[in-house]
Amino acid sequence: MGVEAHATNERVTGRRWTVRLDPVGRGRADVRVSCSRPACAAQVLSSAAAGRTAAIAHLKAHLRAGPAPRPSVHCACRAEECHTHIRPAGPRERPVPWRCGGAVVLAVITDREGRWWQVMECCSRCAAAHPTAKVVATAPAAEAPARGDGFRADAPAPATPGGPAATTPTFSAISPHFSHSATATTTGTAVPQQASGPRSSAPRSAPRSARPTRKRPPRGRIAQRLVPHDLRPVALRDELTELGELFRAYQARTEPDLAMLADLHARKAEAFHAWAEATADTGLRLDAQRAEQAAATARLQHLHRIGQAPDGEGPAVVRLLTAPAQWNHARAVLAHVAENAPLPGAEARLLVVMVTLRTAQSGVGNLVGQDIKGLPLQDPEHLVGQLVESGWLGIPGTVEELIASRPESPTRISVPSLTPDEDDPGPFTFGRKLRPKLSGWAQRVVGEKKLRKGKTGADVRLLALALATGSDGEGRLGPGGEGIGLDALSSWCSVDAADLPDLVDRLTAADWLAEADVTDTLLTGRLTERVLPLGCPLT
């Protein structure tokens, strides 16, 4: 009699089988659908989409034809001690089977990429621990086993024989979703319909054991933070969860949308402020401030891209040099040339500026004859020869060969004072990619169309460089539009201060300056809108 009781109480491990979708071969489009059940033969389909459809249909056929989950089995995952079991408090203790709990269910688990689907007969607690599990059927309640045989001692009480819980469980009327992005649907045992006859005065409801297993909703994540289940108000929790999904969707975009990104950061800042108020978390408040800054930056970048001013008053200036760091580097080059020019005169100063920008990064660069002949120099060969004789410029051949060189065979030049070494890294700190941008900017300024057509000299073009780097964002000359000192301008242009009014008139005639006024000490006015893109605003 005791042997029969032992045989009756013996429990078996739950069923488990897998349907897989695998490539047939490398570089081929067809796929193979296979099932781990021995009676199922593999199928070869022409594409991954067709294979996925066949795999899902095959799995549904098994679910419709197979038996319902059995209330007395162990979890199918128990034999492998899977990580879905809740571990004890000890850091090195192994998971134990009594940590399972709840009714036995039939769950479908899939990977995020949709390459395999696994059906598992397990307890509802283990099914809830799987992030992709979809419960398709629930077994009726069974007699609670003793502690240690696979389920908790507080399992649901056994159902009354012949009662509603003894009804054969049915599968979900909605087929399980196998995509990780689908909405989870958990369906338990169907509630039996009321028999025909006179209606009862009291409404009948499904017994506790027949109700579907309750699962917590998936936890949201935003900015490497998990959104708590118990966060209140619920609207704030939902907003944080939705924002996390929107940020992840934005990161998956192939093209940026700075307006959308700015709106997302603004919503994040508002939500994080509310979260910080609800939890008194200083870290959340700092994250909210950073989100506000990110929103402002993204919105400014968007306005610059579409050519609008940040304040909405008019079109923004699309500048050749776009960042304050680039503007400061341009001013640093001009200041270095003013202090270290090897020869006097405006023509020598202009040539030194252009050669310095060609060799600023490593002390060496390429130069062709057109680069020199395009400058307003009366005797370029003599001037280049003077720079070579002074030791400031080094060339491999003669000056005539340099002037005659063409773009397909440029001349390699060097400036020893700009060549870095172990003890002296050089006077400039900008990177290799910025040097050609600065050089191109200077060429655009000194070779501007109206300056060339007006046949302006080197002194006028040096003044144009000085004013381009000495105006504010609106083109007004000097810090705050207060003007630029004449002594600084005459020193930079290598001309006498008395000659500056004539140079200013020539720039005004070339539509470079407007509202210009020369006093005994200052030049005031502003750059015209036509040349604002060439400016490097004072910051």
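The structure under discussion appears in the preceding block.
Note that the structure is a prediction, hence the values are computed from the model and not measured.

Draft legend 1. Quick peek at the pairing of strand 2 (residues 31-35). Covered by surrounding structure in strand 2 are Val31, Val33 and Cys35 only, the residues Arg32 and Ser34 on the alternate face being uncovered. The sheet contact formed by strand 1 (residues 16-23) and strand 2 spans 5 bridges and is antiparallel. Among the inter-strand pairings, Leu21 is bridged to a residue of strand 2, identified as Val33.

Draft legend 2. Structural detail: the pattern of salt bridges. Going through the model one piece at a time under the given rule, you end up with 19 salt bridges. In this structure, Asp371 and Arg358 form a salt bridge, with 3.0 Å as the shortest nitrogen-oxygen distance. Placement of Asp371 in helix 9 (residues 369-373) and of Arg358 in helix 8 (residues 346-359) is noted, with a sequence separation of 13 residues between them. The closest approach of N and O atoms between Glu474 and Arg476, which form a salt bridge, is 3.8 Å. In this structure Glu474 comes out as exposed when scored by relative accessible area, which is 58%.

Draft legend 3. Region of the structure containing the sheet that holds strand 11 (residues 484-485). Spatially, the 3 strands line up as an open sheet ordered 11-13-12, and their pairing is antiparallel. Of all strands in the sheet, those with a lone pairing partner are strand 11 and strand 12 (513-518), marking the two edges. Where strand 11 and strand 13 (residues 522-527) come together, 2 bridges link them in antiparallel fashion. Paired with Ile484 across the strands is Leu523, a residue of strand 13.

Draft legend 4. Representation of the nonpolar core within the structure. With 71 residues, the main nonpolar core has Leu393, Trp441, Leu465, Leu467, Trp492, Leu507 and Trp512 as its most contacted residues. Filtering out sequence-adjacent residues up to four positions away, Leu467 remains in contact with Leu477, Ile484, Leu489, Leu507, Leu513, Leu523 and Leu527. The next biggest cluster of nonpolar side chains, apart from the first, holds 19 residues, and it includes Val227, Tyr250, Leu264 and Ala288.

Draft legend 5. Just the side chain of Arg331, in detail. As for its placement among the helices and strands, Arg331 is situated in helix 7 (residues 324-340). Within the buried set, Arg331 has no salt-bridge partner at all; the shortest N-O distance to an opposite charge, 10 Å, is to Asp472. Of note is the side chain of Arg331, whose polar atom sits 2.9 Å from the backbone oxygen of Thr469. Once residues lying within four places of it in the same chain are set aside, the contact partners of Arg331 are Thr469, Cys536, Pro537, Leu538 and Thr539.

Draft legend 6. Highlighting the sheet that holds strand 5 (residues 116-123). Across the sheet, which stays open at both edges, the 6 strands sit in the order 3-2-1-5-4-6 with antiparallel pairing between neighbours. The sheet is open, and its two edges are formed by strand 3 (43-45) and strand 6 (134-138), each paired on a single side. On average, adjacent strands in this sheet sit at an angle of 20° to one another, irrespective of strand direction. Here strand 2 pairs with strand 3 via 3 bridges, running antiparallel.

Draft legend 7. Quick look at the pairing of strand 10 (residues 411-414). By the alternation rule, side chains of strand 10 split into Thr411 and Ile413, which are all buried, and Arg412 and Ser414, of which none is buried. Inspection of the sheet shows strand 9 (residues 364-367) paired to strand 10 by 4 bridges, in the antiparallel sense. Residue pairing in the sheet places Leu367 in a bridge with Thr411 of strand 10.

Draft legend 8. Representation of unusual backbone geometry within the structure. Here Arg232 and Pro233 are connected by a cis peptide whose omega angle stands at 5°. With respect to the element layout, Pro233 can be found in the loop between strand 8 (225-226) and helix 4 (234-251). In the Ramachandran plot, Lys455 falls in the positive-phi region, its phi being about 50° despite a non-glycine side chain. Among the structural elements, Lys455 can be located in the loop between helix 13 (449-453) and helix 14 (458-468). Residue Glu515 is not a glycine yet carries a positive backbone phi of 60°. Looking at the element boundaries, Glu515 is found in strand 12. Owing to a relative accessible area of 60%, Glu515 belongs among the exposed residues under this scheme.

Draft legend 9. Layout of helix 4. Its 18 residues give helix 4 an end-to-end C-alpha distance of 26 Å, which sits within 8% of 26 Å, the value for a rise of 1.5 Å per residue. Those residues of helix 4 that sit buried are Leu236, Leu240, Thr241, Leu243, Gly244, Phe247 and Tyr250. In this structure, the buried side of helix 4 is in contact with strand 7 (221-222) and helix 5 (258-279).

Draft legend 10. Representation of helix 10 (residues 380-389) in the model. Among all positions of helix 10, only Pro380, Leu383, Val384, Gly385 and Leu387 are buried. For helix 10, the secondary structure elements touched by its buried residues are helix 8, helix 9 and helix 11 (399-404). A positive backbone phi angle near 85° is found at Gly391, which sits one or two residues after helix 10.

Draft legend 11. Looking closely at the packing of helix 8 against helix 10. Contact pair helix 8 / helix 10: the axes reach a minimum separation of 11 Å and the direction vectors enclose 70°. The orientation of helix 8 relative to helix 10 falls into the category roughly perpendicular. In terms of crossing hand, the pair formed by helix 8 and helix 10 is right-handed. Facing Glu347, Ala348, Leu351 and Val352 of helix 8, the residues of helix 10 in contact are Leu383, Val384 and Leu387. Residue composition of the contact of helix 8 with helix 10, by class: 6 nonpolar, no polar and 1 charged.

Draft legend 12. Quick look at the packing of aromatic side chains. Within the structure shown, the criterion is met by 2 aromatic pairs. Ring geometry for Phe272 against Trp275: centres 5.5 Å apart, planes inclined by 80°, an arrangement best described as edge-to-face. Taken together, the residues Phe272 and Trp275, both in helix 5 and 3 residues apart, mark about one turn of the helix. Note on Trp275: relative accessible area 5%, which makes it buried. Taken together, a centroid distance of 5.6 Å and an interplanar angle of 25° make the contact between Phe428 and Phe430 stacked. For the pair shown, Phe428 and Phe430 are each scored as buried.

Draft legend 13. Spatial organisation of the packing of helix 14 against helix 15 (residues 486-493). Contact geometry for helix 14 and helix 15: axes closest at 9 Å, N-to-C directions at 130°. Comparing their axes, helix 15 and helix 14 come out oblique. Classified by chirality, the crossing of helix 15 by helix 14 is right-handed. Along its contact with helix 14, which presents Asp459, Leu462, Leu463, Leu465, Ala466 and Leu467, the element helix 15 presents Leu489, Trp492 and Cys493. Its residues placed into classes, the contact of helix 14 with helix 15 shows 8 nonpolar, no polar and 1 charged.

Cut-off values and rules
Residues numbered from 1 in each chain as written. Predicted model: local features only at pLDDT ≥ 70, side-chain atom pairs only at ≥ 80, totals over all residues. Heavy atoms only, no water. Buried < 20%, exposed > 50% of the residue type's maximum accessible area, 1.4 Å probe, protein only. Helix = DSSP H or I, 4+ residues; strand = E, 2+ residues; numbered from the N terminus. Pairing = 2+ DSSP bridges. Salt bridge = Lys/Arg side-chain N within 4 Å of Asp/Glu carboxyl O. Core = buried A, V, L, I, M, F, W, Y, C linked by side-chain atoms within 4.5 Å. Contact = heavy atoms within 4.5 Å. Lys, Arg positive; Asp, Glu negative; His and termini not counted. Polar contact = N/O pair within 3.5 Å; in protein donor to acceptor, adjacent residues only side chain to side chain. Axes fitted to C-alpha atoms, helices over the stretch in contact; angles between N-to-C directions. Expected span 1.5 Å × (residues − 1). Parallel < 35°, antiparallel > 145°, perpendicular 65-115°, else oblique. Left-handed = near helix turned anticlockwise from the far one by under 90°. Nonpolar A, V, L, I, M, F, W, Y, C, P; charged D, E, K, R; others polar. Phe/Tyr/Trp six-rings, centres within 6.5 Å; stacked < 30°, edge-to-face > 60°.

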